[in-house]
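Summary of structural features
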Amino acid sequence: MLEKFRRAKQAEVDELIRLRDAGHRHIPHEGVRPEFGAALTRPGTSGIIAEYKRASPSKGDINLDVLPLQACRGYAEAGACALSILTESNYFKGSLGFLSEVAPLGLPLLRKDFIIHPLQVEATVATPASAILLIVRMFEDLDELAQLHALCLTSGLEPVVEVFDERDLDRAKEIGSTIIQVNNRDLDTLTTDIGRCLDMVRRKEDGEIWIGASGISTPEQVSRLKAAGLDALLIGTALMQHESPGLGLARLSGGRS
Ligand SMILES: O=C(O)c1ccccc1NCC(=O)[C@H](O)[C@H](O)COP(=O)(O)O
């Protein structure tokens, strides 16, 4: 599955290389980037990262009717501590432009995509994103991942490093990741099992911020995962399936609406 995403991304990377070779430069975003990691652990936070996700490989179209700002305003009103914005276009019907559309809400933004090349990091620096997803499995060569991780940090983006299993976690820790996201989705079957982050969070160490992602859909799961030590939970489908995603979040978290 990830190989399929990597191939789809290569076309985007080739275009970024062509533009760079033609002299195009990304102008860094000049506004404030609210701190992402700090927002997940601030006292009193809901600890919920609400995702704007229009479609997915597992569900097909989820919600094409609610615009980014409309959905994310609802998330902000319902107490989301940060927003995850799917920018991948082929499988998730996302767009990089969504980041600027929702930035006026003032919440920290995670760019959720398949990042494999430094020019994608540069392109992200030109947006208001505070954080960017790096998926350990996308990299055979750990040095390549370590270099992208370092580039994110020096560029002012907080890298969120996603792991699926213990080996990924070993590699994430080896490069010094401090924001670790455990994905509960099995990439072969696309099914989810929250037991994965419940197991892995036992390896959380001081100074690390842990996020549990995928397949979270009930208030009971939210309470159980938080009690197990996850700092934040990233939720997309269960919210976007609501006509009003913000109301979906309010129901799930008992937050304001
Ligand atoms: O959502 C998918 O079907 C999917 C398939 C293959 C790779 C990644 C996929 N999703 C990306 C995500 O990480 C999720 O959007 C995120 O964790 C939220 O999950 P959910 O709450 O289950 O929508």
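In this numbering scheme, every chain counts its residues from 1 along its sequence in written order. Only residues with pLDDT of at least 70 are given local features in this predicted model, and only at 80 or more are side-chain atom pairs given and counted; all residues enter the totals for whole chains, interfaces and linings. In computing side-chain values, all of the structure's heavy atoms are included and hydrogens and water are not.

In the annotation of an unreviewed UniProt entry, the entry for the protein reads indole-3-glycerol-phosphate synthase, and the organism field reads Desulfomicrobium macestii. The heading Catalytic activity (unreviewed entry) in the UniProt record of the protein holds the text "1-(2-carboxyphenylamino)-1-deoxy-D-ribulose 5-phosphate + H(+) = (1S,2R)-1-C-(indol-3-yl)glycerol 3-phosphate + CO2 + H2O". UniProt positions are given in the numbering used here, feature names are shortened, and annotations may be inferred rather than shown by experiment. The record held by UniProt for the protein lists under Pathway (unreviewed entry) the comment "Amino-acid biosynthesis; L-tryptophan biosynthesis; L-tryptophan from chorismate: step 4/5."

**Looking at unusual backbone geometry**
The phi dihedral of Leu190 is positive, around 65°, even though this residue is not glycine. Here Leu190 is to be found in the loop between strand S8 (179–183) and helix H8 (195–200). Here Ser214, not a glycine, exhibits a phi torsion of approximately 85°, which is positive. What counts as a helix is a DSSP run of H or I of at least four residues, what counts as a strand is a run of E of at least two, and both are numbered from the N terminus. Tracing the sequence through the fold places Ser214 in the loop between strand S9 (209–213) and helix H9 (219–227).

**Let's talk about a negative patch on the surface**
Patch membership requires more than 30% relative accessible area and the absence of a salt bridge. Residues of like charge join within 9 Å; the nonpolar side chains Val, Leu, Ile, Met, Phe, Trp and Tyr join within 5 Å. Note on areas: Shrake-Rupley, 1.4 Å probe, and residue coverage restricted to the protein chains presented here. Here a salt bridge means any side-chain nitrogen of Lys or Arg lying within 4 Å of a carboxyl oxygen belonging to Asp or Glu. Charge convention: Lys and Arg are scored as positive, Asp and Glu as negative, and His as well as the terminal groups of each chain are ignored. Note that the charge is assigned to NZ on lysines, CZ on arginines, CG on aspartates and CD on glutamates. A surface patch of negative charge is lined by Glu3, Glu140, Asp141, Asp143 and Glu144. Tracing the sequence through the fold places Asp143 in helix H6 (residues 142–154).

**Quick word on helix H5 (residues 118–125)**
Summary of the burial criterion: residues with accessible area below 20% of their type's maximum are buried, those above 50% are exposed, and those between are partly exposed, where the area comes from a 1.4 Å probe applied to protein chains only. With 6 of 8 residues buried, H5 lies mostly within the body of the structure. Those residues of H5 not exposed but buried are Leu119, Gln120, Val121, Ala123, Thr124 and Val125. Here a residue-residue contact requires only that any non-hydrogen atoms of the pair lie within 4.5 Å. The inward-facing, buried residues of H5 abut helix H1 (2–21), strand S5 (109–112), strand S6 (131–135) and H6.

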